[in-house]
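# Examination of the molecular architecture
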Amino acid sequence: EAALLMVGDADQLPSVGPGQVLADLIACGRFPVLRLTEIFRQAEDSGIVANAHRINRGEPPVFAHGDASGDFYGMRIDEPEAAQAKLVDLVAGRIPERFGLDPVRDVQVLCPVNRGPLGTRELNRLLQARLNPTPKAQHWRGEVRYAVGDKVMQVENDYSREVWNGDIGRITAIRDGAVEVEVDGRSLAYPFDDLGQLVPAYAITVHKAQGSEYPAVVMPLARLHGRMLQRRLLYTAVSRAKQLVVLLAEPRALERAVEGRGDRPRVSRLVQRLLQLL
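Residues numbered from 1 in each chain as written. Predicted model: local features only at pLDDT ≥ 70, side-chain atom pairs only at ≥ 80, totals over all residues. Heavy atoms only, no water.

## Observations regarding the overall build of the chain
Regarding its fold elements, the chain presents 8 helices and 12 strands. In terms of overall size, the chain behaves like a compact globule, its C-alpha atoms giving a radius of gyration of 20 Å where 278 residues would be expected to give roughly 19 Å. Here the C-alpha coordinates of the chain stretch approximately 60 × 50 × 35 Å along the principal axes. Out of the 278 residues belonging to the chain, those deemed buried represent 45%. Sequence separation of at least 24 residues holds for 67% of the intrachain contacts in the chain that already meet a minimum separation of 6. Accessible area for the chain stands at about 15400 Å²; split by element, carbon and sulfur atoms hold 49% of it. Seen as two clouds, the 36 positive and the 35 negative side-chain charges of the chain have centres 5 Å apart. (Helix = DSSP H or I, 4+ residues; strand = E, 2+ residues; numbered from the N terminus. Rg over C-alpha atoms; globule rule 2.2 N^0.38 Å. Buried < 20%, exposed > 50% of the residue type's maximum accessible area, 1.4 Å probe, protein only. Contact = heavy atoms within 4.5 Å. Areas by Shrake-Rupley, 256 points an atom, 1.4 Å probe, with all protein chains shown as cover. Lys, Arg positive; Asp, Glu negative; His and termini not counted. Charge placed at Lys NZ, Arg CZ, Asp CG, Glu CD.)

## Comments concerning the nonpolar core
Ranked by size, the top nonpolar core spans 31 residues in total, and within it Leu110, Met219, Leu234 and Val238 carry the most contacts. Where this core is concerned, the elements lending two or more residues are helix H2 (47–56), helix H5 (206–209), strand E11 (214–221), helix H6 (231–238), strand E12 (241–249) and helix H7 (251–259). Ala83, Leu87, Leu90 and Leu123 belong to the second-largest nonpolar core, a separate cluster that totals 26 residues. (Core = buried A, V, L, I, M, F, W, Y, C linked by side-chain atoms within 4.5 Å.)

## Description of the sheet that holds strand E7 (residues 178–183)
Ordered by their spatial adjacency, 5 strands build an open sheet running E8-E7-E6-E5-E9, and the pairing between neighbours is antiparallel. Bordering the open sheet on either side are strand E8 (186–191) and strand E9 (198–200), each of which pairs with just one other strand. If you compare each strand with its neighbour and ignore which way they point, the axes differ by 40 degrees on average. As paired elements, strand E6 (residues 168–175) and E7 share 5 bridges and run antiparallel to each other. Of the residues in E7, the one forming a bridge with Arg170 is Glu182. (Pairing = 2+ DSSP bridges. Axes fitted to C-alpha atoms, helices over the stretch in contact; angles between N-to-C directions.)

## Section: the environment of Leu229
With respect to the element layout, Leu229 can be found in the loop between E11 and H6. What makes Leu229 buried here is its relative accessible area of 1%. It is 22 Å that separates the C-alpha atoms of Leu229 and Tyr214, two residues lying 15 residues apart in sequence.

## Description of the confidence of the model for the chain
Looking at the chain as a whole, the pLDDT averages 93, with 97% of positions reaching at least 70. Taking the mean pLDDT of every element in the chain, the minimum, 92, falls on H2 and the maximum, 98, on strand E2 (residues 107–111). (pLDDT = per-residue confidence, 0-100.)

## Observations regarding the pairing of E6
Regular strands show a simple pattern: their side chains alternate between the two faces of the sheet. Summarising the sheet, strand E5 (residues 151–154) and E6 pair through 3 bridges and their orientation is antiparallel. Looking across to E6, one finds that Met153 is bridged to Ile168. Taking the residues that link successive antiparallel strands as the turn, the E6-E7 hairpin has 2 residues, and the phi of Asp176 there is positive, at about 55 degrees.

## Quick word on a nonpolar patch on the surface
Taken together, Leu4, Met6 and Val21 make up a surface patch of nonpolar side chains, about 330 Å² in accessible area. For Leu4, a relative accessible area of 75% puts it in the exposed group. (Patch = residues over 30% accessible without salt bridge, like charges linked within 9 Å, V, L, I, M, F, W, Y side chains within 5 Å. Salt bridge = Lys/Arg side-chain N within 4 Å of Asp/Glu carboxyl O.)

## Describing the packing of aromatic side chains
Two aromatic rings, taken as a pair, are described by how far apart their centres are and by the angle between their planes. Tallied over the entire structure, the rule returns 3 aromatic pairs. On the numbers, 5.1 Å between centres and 65 degrees between planes, the contact of Tyr159 with Trp164 is edge-to-face. Exposure remark for Tyr159: the relative accessible area of 63% places this residue in the exposed category. Among the residues examined, Trp164 registers a relative accessible area of 34% and is labelled partly exposed. For Arg161, the ring lying beneath its charged end belongs to Tyr190, and the centroid distance is 4.2 Å. (Phe/Tyr/Trp six-rings, centres within 6.5 Å; stacked < 30°, edge-to-face > 60°. Lys NZ or Arg CZ within 6 Å of the ring centre and 35° of its normal.)

## Section: the sheet that holds strand E1 (residues 72–76)
One open sheet accounts for 5 strands, arranged E1-E12-E11-E2-E10; its pairing is parallel. Each of the sheet's edge strands pairs with one partner strand only, and the pair in question is E1 and strand E10 (203–205). Strand after strand, the sheet turns through a mean of 25 degrees between neighbouring axes, direction not considered. Pairing geometry for E2 and E10, over 3 bridges, is parallel. From the neighbouring strand, Leu110 faces E10, where its bridge partner is Ile204. Sitting on the sheet, H2 touches E1 and E12, and the angle it makes with E12 is about 55 degrees.

## Considerations on the side chain of Arg240
Within the element layout of this structure, Arg240 appears in the loop between H6 and E12. Although Arg240 is buried, it makes no salt bridge; Asp9 carries the closest opposite charge, 5.6 Å away. A distance of 2.9 Å separates a polar side-chain atom of Arg240 from the backbone oxygen of Thr236. (Polar contact = N/O pair within 3.5 Å; in protein donor to acceptor, adjacent residues only side chain to side chain.)

The structure is reproduced here in structure tokens:
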């Protein structure tokens with residue numbers, strides 16, 4: 001006499017693997033579905049909430065301007081190099097000065113991709129150099145620097161340490177051949193041979209952010225992001241923020257993402273199979 005209750009948001013990014021199970025279970029019409037509409041993460045009149053709904057409907061977001069006490073802002077970008085400089089200045093200077101947020105703890109950069117001038121790898125390098133330029137200690141693994149004070153993310157489930165894919169922490173020490181990381185109040189030691197489990201996390205992909213929330217989200221959107229300019233990806237990124245969203249976007253890239261041109265339909269046949277069984 002067991003029961004199964006599934007909780008999720010079918011409008012966010014689908015699974016990395018095949019299928020879209022939650023969406024198909026809802027679409028088959030054979031199970032009771034309850035939609036939660038009360039907002040708890042932000043105030044109901046929040047621009048974040050309103051724009052998340054607009055994006056989900058295929059409508060462009062409405063940005064706050066000037067000194068307005070808004071929570072959803074947009075900045076135009078054109079060339080990748082100039083966009084990099086704007087993003088670093090925004091995260092390290094303008095947001096902390098205006099909103100009183102800590103640039104490492106409270107501000108999370110979310111990117112559509114890992115590679116390229118506006119991908120996580122290059123932005124992590126630039127943000128690390130600006131936010132943690134003279135660490136007490138550091139260790140290099142290939143081209144990646146691990147330094148005391150850096151924000152890092154676990155990228156695979158580690159059952160021995162009880163830390164999971166997507167968990168974020170701060171490096172607190174480097175000594176005795178290991179990097180010590182504080183995650184949710186716990187101190188974990190990673191021998192240098194285990195550092196493949198950790199990546200810099202000043203900037204992470206939207207896929208890695210799914211299921212998490214942050215005080216402030218900064219997201220670059222450029223035409224070079226190509227097929228990753230998807231409505232679901234933009235909606236997922238925006239809905240991770242609790243207090244502030246800033247989009248650094250090329251107008252055509254934002255337009256493409258909102259219109260969902262890059263969203264590819266998934267054909268799973270799960271709906272048809274459920275209807276046959278039920």
